[in-house]
Amino acid sequence: RQLKAASPTLPVIFYLNSVMDWPQYDLHAELAKTPTLWLHDDNGQPIVIHKPGCAPANSSSCSVHVFDHAQPQMRELFLGVLQRAKASNVIDGCFLDRGNTNATAGAGGAHGWRMGASRKAAWDAGHMEVLQLAGRLFSDGVVLGNNADFSGVNGRMIESFGNDFQDNWGGLLADIALLQHEAKLGTFLEVHGESRPGLGRPSPPGSSSKACTQEVFNITLAAFLVGAGERAFYACTAGWTAQAGWDEWHHEYDLQLGDPVG
């Protein structure tokens, strides 16, 4: 509401993890009353995902429950959150984190889920239904699903553009090609250049980039400009807290775009 009051035309995107039941959200309080809506394995044990970077990994404070999207009641509760966000008239879309999670393929955090094939398929179907219904709900705005395309979802996030998980730039050409492919589809894209500890060289003295190293910023921004389409947006940070770089503004963000000159 504060953002809309300051700039009424500014699109505001609502975040909700599509898999992990983060305890700081109101939805968690609802599920704590009905723990059967959390996903359990075939032995009745809760399935959890460990918080990235949290230690010790085997502690309960580092574990987050998973929504059981195979259950209609769970999907109804989840979509109710998005419906209330939409009804507020200050939310224009949503970012559904972990959209690429797939129990059958063991992707996006689902590795090692001890469930039979039919249960995995039912969870995948329920998860996809949630993504697609969100797409309908915000059909006049945008829904971002990370690291994959989804039928009925008009946006996508490329979470670590430039393949900066390794200390090389071997993924740049593939990521540029992906950008160009998505541009042809008219996809709304959020592209994230990301510095990680030990990757890239330190920023030179006096650099405007603190959280995102200068090397990572220069290379990922240049690659983004090669492949970007009209509805593609870029930012470079060192992680996901506001202080990891989301609160920094690079002067390059203000430069006018035009046809490439070389």
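Here's a quick rundown of the structure. (Residues numbered from 1 in each chain as written. Predicted model: local features only at pLDDT ≥ 70, side-chain atom pairs only at ≥ 80, totals over all residues. Heavy atoms only, no water.)

## Describing the overall build of the chain
What counts, and what does not: Strands are runs of DSSP state E lasting at least 2 residues, helices are runs of H or I lasting at least 4, and numbering of each runs from the N terminus. In this setup the radius of gyration rests on C-alpha atoms only. A globule is expected at 2.2 Å times the number of residues raised to 0.38. By definition, residues are in contact when any of their heavy atoms lie within 4.5 Å. Values of accessible area rely on a 1.4 Å probe in the Shrake-Rupley scheme; residue burial ignores everything except the protein chains shown. His is not counted, nor are the chain ends; Lys and Arg add positive charge and Asp and Glu add negative charge. To locate a charge, take atom NZ for lysine, CZ for arginine, CG for aspartate or CD for glutamate.
Of the regular secondary structure elements, the chain holds 6 helices and 8 strands. Taken from N to C terminus, the helices and strands of the chain fall in the order α-β-α-β-β-α-β-α-β-β-α-β-α-β. Computed over the C-alpha atoms, the radius of gyration of the chain is 19 Å, within 12% of the 18 Å expected from 2.2 N^0.38 for a compact globule of 262 residues. Seen through its principal axes, the chain has C-alpha atoms that stretch 60 × 40 × 35 Å. Across the chain, the fraction of contacts at a sequence separation of at least 24, relative to all contacts at a separation of at least 6, is 62%. Total accessible area on the chain is roughly 14,000 Å²; 55% of this is exposed by carbon and sulfur atoms. A gap of 5 Å separates the mean positions of the 18 positive and 27 negative side-chain charges of the chain.

## Structural notes on the pattern of salt bridges
Using the following cut-off: Here a salt bridge means any side-chain nitrogen of Lys or Arg lying within 4 Å of a carboxyl oxygen belonging to Asp or Glu. Note on exposure labels: buried denotes an accessible area under 20% of the residue type's maximum, exposed denotes more than 50%, and partly exposed covers the range between, all computed with a 1.4 Å probe on protein chains only.
As enumerated under the stated definition, the model contains 7 salt bridges in all. Lysine 86 serves as the salt-bridge partner of aspartate 140, at 2.6 Å between the closest nitrogen and oxygen. One end of the pair, aspartate 140, is in the loop between helix 4 (117-137) and strand 5 (142-146); the other, lysine 86, is in helix 3 (residues 72-87), and 54 residues separate them in sequence. With a relative accessible area of 63%, aspartate 140 lands in the exposed category. Aspartate 149 is the salt-bridge partner of arginine 156, the closest N and O atoms lying 3.3 Å from each other.

## Concerning helix 3
Note the following rule: The span you would expect from a helix comes to 1.5 Å times its residue count less one.
Between its first and last C-alpha atoms helix 3 spans 22 Å; for 16 residues at 1.5 Å apiece the expected length is 22 Å, and the two agree. Turning to helix 3, its buried residues number three or more, namely Met74, Arg75, Phe78, Leu79, Gly80, Val81, Leu82 and Ala85. In this structure, the buried residues of helix 3 make contact with strand 1 (13-17), helix 2 (26-33), strand 4 (93-97) and helix 4. Taken from the residues just after helix 3, asparagine 89 is the one with a positive phi, measuring 65°.

## Considerations on the packing of aromatic side chains
Operational definition: Any Phe, Tyr or Trp ring, taking Trp's six-membered ring, that has another such ring centre within 6.5 Å forms a pair; planes under 30 degrees apart are called stacked, those over 60 apart edge-to-face, and the others tilted.
This structure, assessed with the given rule, holds 11 aromatic pairs. Site record: aromatic cluster; members linked through ring pairs are Phe217, Phe224, Tyr234, Trp249 and Tyr253.

## What to know about the environment of glycine 116
You can see glycine 116 is positioned in the loop between strand 4 and helix 4. Look at glycine 116 and you get partly exposed, because its relative accessible area is 25%. The sequence separation of glycine 116 and aspartate 42 amounts to 74 residues, and the corresponding C-alpha distance is 7.1 Å.

## Considering the sheet that holds strand 5
Using the following cut-off: DSSP bridges decide pairing: two strands pair if at least two such bridges lie between them. Only the contacting stretch of a helix is used when fitting its axis, a line to C-alpha atoms as for every element, and angles between N-to-C directions run 0 to 180 degrees.
Spatially, 6 strands are ordered 1-4-5-6-7-8 in an open sheet, and the strand pairing comes out parallel. In the strand order of this sheet, the two ends are held by strand 1 and strand 8 (232-237), each with one partner. The sheet shows a mean angle of 20° between the axes of neighbouring strands, direction not considered. Pairing of strand 5 with strand 6 (residues 155-161) involves 3 bridges; the strand directions are parallel. Within strand 6, the position partnered with glycine 145 by the bridge is arginine 156. Taken strand by strand, helix 3 contacts strand 1 and strand 4, and its axis lies near 170° from that of strand 1.

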